[in-house]
Amino acid sequence: MLSSLFRGLTAATLAMGSVQAAAQATELNLWVMSTTEQQQQDMRELLKPYLVKQPNLRVNVTVLNWESAWAKITAAAASGQGPDVIELGSTWVAAISSMGALVPLTDAQQKEVGGPAAFFPVMWGTTHRHGDANVYAVPWYADARAAYYRSDVFKKAGIEPRDAFANWGSFKQAMQKVNGTELNGKKIAALGYPGKNDWNVVHNMAPWIWNAGGDFLGNDRKRSTINSTEAVQATVYYTSFAAEGLVPSSALEKDSGQIENGFFNGQYAVIFSGPWILKQMKTPKAKGGQLESLAARNFGIAPYPAGLKGSQTFFSGSNLAVMKSSKHKADAWKLAAFLTSRDAQVQFSQMSGMLPARLDAAHDPVLTADPHYAEFLAQVRNGRHYPSVAGWGPLESVYLKNLGNMFDMVAGVRGKYSPLAVKQALDATALEADQVLAESN
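Throughout what follows, the structure given in this document is the object of discussion. (Residues numbered from 1 in each chain as written. Predicted model: local features only at pLDDT ≥ 70, side-chain atom pairs only at ≥ 80, totals over all residues. Heavy atoms only, no water.)

Okay, the overall build of the protein chain next. The secondary structure content of the protein chain amounts to 21 helices and 12 strands. Here the C-alpha radius of gyration of the protein chain, 25 Å, is about what a compact globule of 441 residues would show, namely 22 Å. Buried residues in the protein chain amount to 54% of all 441 residues. Looking at the protein chain alone, contacts between residues at least 24 apart form 74% of all its contacts between residues at least 6 apart. As presented, the protein chain carries roughly 19500 Å² of accessible surface, and 53% of it is formed by carbon and sulfur atoms. Charge separation in the protein chain, taken as the distance between the mean sites of 40 positive and 36 negative side-chain charges, equals 2 Å. (Helix = DSSP H or I, 4+ residues; strand = E, 2+ residues; numbered from the N terminus. Rg over C-alpha atoms; globule rule 2.2 N^0.38 Å. Buried < 20%, exposed > 50% of the residue type's maximum accessible area, 1.4 Å probe, protein only. Contact = heavy atoms within 4.5 Å. Areas by Shrake-Rupley, 256 points an atom, 1.4 Å probe, with all protein chains shown as cover. Lys, Arg positive; Asp, Glu negative; His and termini not counted. Charge placed at Lys NZ, Arg CZ, Asp CG, Glu CD.)

What follows concerns the packing of helix α2 (residues 39-52) against helix α16 (residues 342-352). Two elements in contact, α2 and α16, have axes separated by 11 Å at closest approach and are oriented at 155 degrees. Judged by the inter-axis angle, α2 sits roughly antiparallel to α16. In this structure, α2 meets α16 at a crossing whose hand is right-handed. Every residue of α16 that contacts α2 at Q39, D42, M43, E45 and L46 is listed here: A344, Q347, F348 and M351. (Axes fitted to C-alpha atoms, helices over the stretch in contact; angles between N-to-C directions. Parallel < 35°, antiparallel > 145°, perpendicular 65-115°, else oblique. Left-handed = near helix turned anticlockwise from the far one by under 90°.)

Moving on, we come to helix α11 (residues 229-243). Its 15 residues place the ends of α11 20 Å apart at the C-alpha level, agreeing with the 21 Å of an ideal helix rising 1.5 Å per residue. Most of α11 is tucked away: 11 of the 15 residues are buried. Within α11, the full set of buried residues consists of A231, V232, A234, T235, V236, Y237, Y238, T239, S240, F241 and A242. Packing partners of the buried residues in α11 comprise α9 (168-178), β7 (186-191), α10 (201-211), α20 (392-410) and α21 (419-440). A positive backbone phi angle near 80 degrees is found at G245, which sits one or two residues after α11. (Expected span 1.5 Å × (residues − 1).)

To continue, consider the sheet that holds β7. Read from one edge of the open sheet, 5 strands run β6-β7-β8-β5-β9, paired in mixed fashion. Pairing within the sheet leaves two strands with one partner each, and these edge strands are β6 (181-183) and β9 (299-302). Neighbour-to-neighbour, the strand axes of this sheet turn through a mean angle of 30 degrees, independent of strand direction. Where β6 meets β7, 3 bridges bridge the pair, whose relative direction is antiparallel. Bridging from a neighbouring strand, T181 pairs with I188 of β7. Its contacts with the sheet put α9 on β6, β7 and β8 (268-273), and the angle it makes with β7 is roughly 165 degrees. Across the sheet, helix α19 (residues 371-379) touches β5 (146-150), β8 and β9, and the angle it forms with β9 is around 25 degrees. (Pairing = 2+ DSSP bridges.)

It is worth spelling out the layout of surface pockets at this point. Estimates place the volume of the second largest pocket at around 210 Å³. As for the second largest pocket, its lining consists of P275, L278, K279, K282, S349, Q350, G353, M354, V366, L367, D370 and Y373. Elements with a minimum of two residues in the lining of the second largest pocket: α13 (276-280), α16 and α18 (365-368). The class makeup of the residues in the lining of the second largest pocket is 6 nonpolar, 3 polar and 3 charged. (1 Å grid on protein atoms, 1.4 Å probe; cavity = no way out; pocket = protein on both sides within 12 Å on 5 of 7 lines; lining within 4 Å. Points joined across faces, edges and corners; volume = space filled by probe spheres on them. Nonpolar A, V, L, I, M, F, W, Y, C, P; charged D, E, K, R; others polar.)

Turning our eyes to something else, we now look at unusual backbone geometry. Non-glycine residue N184 carries a positive phi angle of around 55 degrees. Tracing the backbone through its elements, the reader meets N184 in the loop between β6 and β7. Its identity as a non-glycine residue notwithstanding, R221 has a phi of 60 degrees, on the positive side. Structurally, R221 can be placed in the loop between α10 and α11. Residue R221 is classed as partly exposed on the basis of its relative accessible area, which comes to 24%.

Attention now moves to the pairing of β7. Where β6 folds back on β7, the antiparallel hairpin that results is connected by 2 residues, among which N184 adopts a positive phi of roughly 55 degrees. Taken together, the 2 bridges between β7 and β8 define a ladder with parallel strand orientation. Bridge pairing in β8 links L191 to V270.

Tallying each qualifying case throughout the model produces 14 salt bridges. Between E45 and K48 there is a salt bridge, with its nearest N and O atoms 3.4 Å apart. Taken together, the positions of E45 and K48, both in helix α2 and 3 residues apart, correspond to about one turn of that helix. Taking the relative accessible area as the measure of exposure, E45 reaches 40% and is therefore partly exposed. The salt bridge partner of D360 is R358, with a shortest N-O separation of 3.0 Å. In this structure D360 comes out as partly exposed when scored by relative accessible area, which is 28%. (Salt bridge = Lys/Arg side-chain N within 4 Å of Asp/Glu carboxyl O.)

Take the side chain of S388 next. Topologically, S388 is positioned in the loop between β12 (383-384) and α20. The contact partners of S388, leaving out residues within four places of it in the chain, are A94, G125, H128, R129 and H130.

Summed over the entire model, instances satisfying the criterion amount to 37 aromatic pairs. An angle of 75 degrees between the planes, with centres 6.4 Å apart, marks the rings of Y238 and F407 as edge-to-face. Of this pair, Y238 sits in helix α11 while F407 sits in helix α20; the two residues are 169 residues apart in sequence, bridging distant segments of the chain. Among the residues examined, F407 registers a relative accessible area of 5% and is labelled buried. (Phe/Tyr/Trp six-rings, centres within 6.5 Å; stacked < 30°, edge-to-face > 60°.)

We now examine α2. Helical geometry note: an α-helix holds 3.6 residues per turn, so side chains three or four residues apart project in the same direction. For α2, built from 14 residues, the straight-helix expectation of 20 Å at 1.5 Å per residue is met to within 8% by its first-to-last C-alpha distance of 20 Å. What α2 keeps buried is the set Q39, D42, M43, L46, L47 and Y50. Looking at the buried side of α2, the elements it contacts are β1 (26-33), β2 (57-64), β4 (138-144), α15 (329-339) and α16.

Laid out in structure tokens, this is it:
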């Protein structure tokens, strides 16, 4: 009788302890973007070693789509009802921090994750905004762009890749020579890039504008310079490939994903894209990759052709931040610090195909053992990011719309294409952009 009573009391005590433990557990909400094929599952795997050491911690992961994330994040920032930890695209930190929605990092917290010296300088520059000394986020992963070319097509056309990508002049000549090269009974177009139906239009244009000596904003960050002589020159050069038939007109109706598939399928000899291409070419088709494709066995990586002001590439990514609305800021920070640690960044790079934002992680032997990865990393050292200003979000929308319309001009759908027409269109773009800047300052 006493024994059964004791067992009953023990069971009740254990049950009560479980309830108390559950009641004492800290629950964090984490919002991340859809970056991998199975983001929810990958985040569980990524968080597993951390949660094993934190038995009283629960992390609820919400995966956002890039297309709708901006609206949801700004709504959360405005209402004060956001998650504890949030992923922000590198161009979004300035805007969300200007809304007063993020917790500034202390000097001790910055030191804990290694500070500026631990990360790609370009990425650390996105953790704060112009004119504000506070740091609001920690870089998590990076995206950069380089040229991918079909080495077998270049060989058949008698083109040396190093010469082809040396500068704007040699690149145009190489594309003219490679265009229409026949391989396995199929003609291949020189270059593939998307038109106005792609959200990457500004990212695609940026390196050409920078390499011509142009930029999107003036030094004071208060006026648009999209119609500068250098920016006009770059836009004319870039669109000329489509105007001259080196980019098929059909490509201008596609988005980046379709252009990348075209490269895998042998439609284009050259595309400019990011590190995720490497992951796709190492992944079997049964798992959604391109390992068995001819392109995966015959490709090389090259830098952007140099303009008058050098060879820079577009370099961006995502950061993690703690929101002021969090009721568990200390635990939220520890979670963000774990996810931006070396080991976590290396693991997430393997999952997503993106570059780690930490320098030690990006150069980890696990990743650099792949010669193509090492080659890509070498080509993106001259990375550059947009100005970190609060109004960049709406400003980029203006640039996206107007630069996208250039391809209608090339196709003859919107006026007649000419360098003068490009200049006039960019003058109008600058006026519209200046209005947006005036409203955000």
